[in-house]
Amino acid sequence: MLIALIAKDKPGALEVRKANRENHIAYLKETGVVAQAGPLLDGDEQMCGSLIVLDVADMAAAEDWAANDPYAKAGLFASFELIHWNKVIG
């Protein structure tokens, strides 16, 4: 099951993102369920959120993954959604 995680950072939280980025990227790699991932960018090309596509068994697995992301644990996100996604192209 593919799940899109769309997260928006809290305003002014760029330093929180930078401070936790290394651990976040390690988590993306070590969990083995990330199909695609990258930061969302604002008008000034600064990171302001995340788009991550997870390939997991079910929504509960996606929720567990999201809760254990170092960014989430650091309180980076103002909001996030997990949405079942259907890949059509690519």
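Computed from a predicted model, the values in this text were never measured in an experiment. (Residues numbered from 1 in each chain as written. Predicted model: local features only at pLDDT ≥ 70, side-chain atom pairs only at ≥ 80, totals over all residues. Heavy atoms only, no water.)

Caption draft 1: Representation of the packing of aromatic side chains within the structure. As enumerated under the stated definition, the model contains 2 aromatic pairs in all. Geometrically, the ring pair formed by Tyr27 and Trp65 is tilted, given 4.8 Å between the ring centres and 35 degrees between the ring planes. Pair noted here: Tyr27 is in helix α1 (residues 14–31) and Trp65 is in helix α2 (residues 59–68), with a separation of 38 residues, a long-range link. Taken as a pair, Tyr27 and Trp65 share a single burial class, namely buried. Their ring planes at 85 degrees and their centres at 6.1 Å tell us that Tyr71 and Phe77 sit as a pair that is edge-to-face. Tyr71 gets classed as buried once you look at its relative accessible area, which sits at 1%. By relative accessible area, Phe77 is classed as buried at 14%. (Phe/Tyr/Trp six-rings, centres within 6.5 Å; stacked < 30°, edge-to-face > 60°. Helix = DSSP H or I, 4+ residues; strand = E, 2+ residues; numbered from the N terminus. Buried < 20%, exposed > 50% of the residue type's maximum accessible area, 1.4 Å probe, protein only.)

Caption draft 2: View of the nonpolar core. Leu5, Ile52, Leu54, Val56 and Trp65 are the most contacted members of the largest nonpolar core, which has 16 residues in total. Elements represented by at least two residues in this core include exactly β1 (2–9), α1, β3 (47–55) and α2. Not counting residues within four places of it along the chain, the set of residues in contact with Trp65 comprises Leu5, Tyr27, Leu28, Thr31, Val33, Val34, Ile52 and Leu54. (Core = buried A, V, L, I, M, F, W, Y, C linked by side-chain atoms within 4.5 Å. Contact = heavy atoms within 4.5 Å.)

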